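# Summary of structural features
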Amino acid sequence: MDQTTSDLVLFFGRFHPLILHLPIGFLLIAFLLEILSRFKRFASYQPAVGFILFLGAISAIVAAVLGLMLAQGGGYGEELLSLHQWLGIGAALTAVVALILHWQARKQASLKLDKAYISVLSVMIVVLMAAGHYGGSLTHGSDYLTQYMPNPLRTLAGLEPREEKKAVLITNLPEAQLYHDIIYPILDARCVSCHNPEKRKGELEMHTVEALLEGGENGALFEAGNPAESHMMKRILLPEEDEEHMPPDGKSQLTEEQVELLNWWIAEGAPFDKKVAQVNVSEDIQNVLNTLVDPNANKTEVEILLASEVQAAEEQTLSQLQTSGVQVMPLAAQVNWLQVRIPMTASGDSLVQTLSPVAGQLTWLDMGDTQTTDEALAAIPQFTKLTRLHLENTQVTDNGLQHLKDLPYLEYLNLYGTEVTDEGIQQLKDLKNLRKLYLWQTKATKEGVAQLQEALPQLEVNMGIENWGVVEADSSVALND
C-alpha cells in the first residue's frame, strides 16, 4: 500500500463492495426491459428504461471511482486488478454512452441511431459481466466460478476434471517432511486463498517457501525459534472478534491442533528441509501428529462408534414406539443414533423388548425412576451399541447386572438408589469402556469400588456425599459427574 494514500480515500474505497451491486442490477434490468419493450405485449415497459438506465450509469460511475480508491489499499494481483479496473471503467462509460443514445433515439426516430443504441447496450452488458467476473476472481480467487463445476460441464468448457480434495494421511511419520507434509497443508487450507499472486492481502503471499520468507507489509511473517514474537502466531492467537485476527471472521478457522503444529514448527526453527525424526517432539505434539497418520488415534472406541454412520431406523417403527409411550429422539441433529426414555409411569420390563427393531441405532437408554426390574436387563444384551444406561431408582439387583457384561461400548452407568452390592458391581469388570459409574445410595462399599477400579483404572465412581470421607481419602473416586 502506498503510504501517501490518505485514510479518507481508503475509507470511501471500502464502500466499493457495497455499491457495485447497484449498477449490476440497474443495468441488467434496463437491458431486459429494453428488449422486452420491443414486443407489443410489453411496450408499456419502454418509459421506465431511460430512468433505470440513468440510475445504472450514475451508480456505475460511483462504483468505478470507489473501486479506484479501494485499489489504493493494495493487496490484489496486478494483472487481475488491471483487468477488473478497466472493465469496470468500460462498463461505466458504455452505460453513459447507451444513456445518451437512448435519449437521442427517443427524440428523433432513426433506425441507425436505434441500432447504435442497442449495440452499445449489448456491449455494456458483456463488459459488465466481464468486470463482475474478474471482480469475483479478485475476491474469491480465479477459479471461484469453476471450482465446484460438475465434471460434465468442465469437459464442455475444456477444463480438466475436478479432483476431490482428500486429506492425505501420512504413512511414515518419522520420515515425513515437517514443512511439506505437515505445515504447508495447513497454510494451503487456511491461508493461501487470501495470500497468493492473485490476491495479496497485506502484500503477503504464502503459496511458496520464497514468498513465505519474503513476508508482507508488516515485515517478516515469523521469527524462527521464537513463536511468541512471530507476527503470524500473534495474529492467529488474537481473539476471534479482533479485526486483526487470522484467519479473518467468516473464514474457516484453524483448529487447536493446527495452531499447536504451527507454533511447534516455528519453535523448532521453522525448518523447510527437516523430517519429523530430526526435530524435538513433545508428548502433546506427538498426540497431534498421530492424528495425521490415523484420524481416530486420540479418540475412544465410543467416540469412534458415535462418529460412524448408522442406517436410519424406519419411520413406521419410530411411530409405533412413540404410540406405545416410549420417548424416542435422535441423539443429535443429522445423526441416526437414538436415545430412548421409558416414561416414569411405566416399567422397562414390558417396554424394553419393543425396542428390538431399533437395536442397531439405540445408544442411550434411560429407564431411571421407573418400576424396572432385573427382567428388563435380561433383554439388554441385544443392544450392543448402548453407550449410556440410566437405571437409577429402579428395582434392579446384582442378578440383573450380569446381563450388562457384554455391552462393549457402555461408557456411563447410573445405579444410584438401587440395591446393588459389591458382589454385583464386580460383574462390570469386563466393560473396558466404562468411564462413569454412579453408586450413591447403594450397598456398594469403598472396598468393592476399589476392587472394581483395579480392573478398570480409568473408571470414575460417584458414591455421593454420604461417602464423603471415603471419596476424599481416595482421589480416584469422583464426587461429581
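Data block above holds the structure.
Residues numbered from 1 in each chain as written. Predicted model: local features only at pLDDT ≥ 70, side-chain atom pairs only at ≥ 80, totals over all residues. Heavy atoms only, no water.

### Some points on the sheet that holds strand 7 (residues 412–414)
With respect to topology, 7 strands assemble into an open sheet ordered 3-4-5-6-7-8-9, the strand pairing being mixed. With one partner strand each, in any of the chains shown, strand 3 (327–330) and strand 9 (460–462) form the two edges of the open sheet. With direction set aside, neighbouring strand axes in the sheet form an average angle of 15°. As paired elements, strand 5 (residues 362–366) and strand 6 (residues 388–390) share 3 bridges and run parallel to each other. Looking at strand 6, one finds that Asp366 is bridged to His390. (Pairing = 2+ DSSP bridges. Helix = DSSP H or I, 4+ residues; strand = E, 2+ residues; numbered from the N terminus. Axes fitted to C-alpha atoms, helices over the stretch in contact; angles between N-to-C directions.)

### A closer look at the packing of helix 5 (residues 78–107) against helix 6 (residues 111–140)
At a minimum axis distance of 8 Å, the contact between helix 5 and helix 6 shows a crossing angle of 155°. Taken together, the axes of helix 5 and helix 6 lie roughly antiparallel to each other. By crossing handedness, the relation of helix 5 to helix 6 is classed as left-handed. Its residues assigned to classes, the contact of helix 5 with helix 6 shows 23 nonpolar, 8 polar and 2 charged. (Parallel < 35°, antiparallel > 145°, perpendicular 65-115°, else oblique. Left-handed = near helix turned anticlockwise from the far one by under 90°. Nonpolar A, V, L, I, M, F, W, Y, C, P; charged D, E, K, R; others polar.)

### Comments concerning the environment of Ile19
Here Ile19 lies in helix 2 (residues 16–19). As a C-alpha pair, Ile19 and Ala63 span 44 residues in sequence and 5.7 Å in three-dimensional space. Beyond its immediate sequence surroundings of up to four residues, Ile19 is in contact with Ser59, Val62, Ala63 and Leu66. (Contact = heavy atoms within 4.5 Å.)

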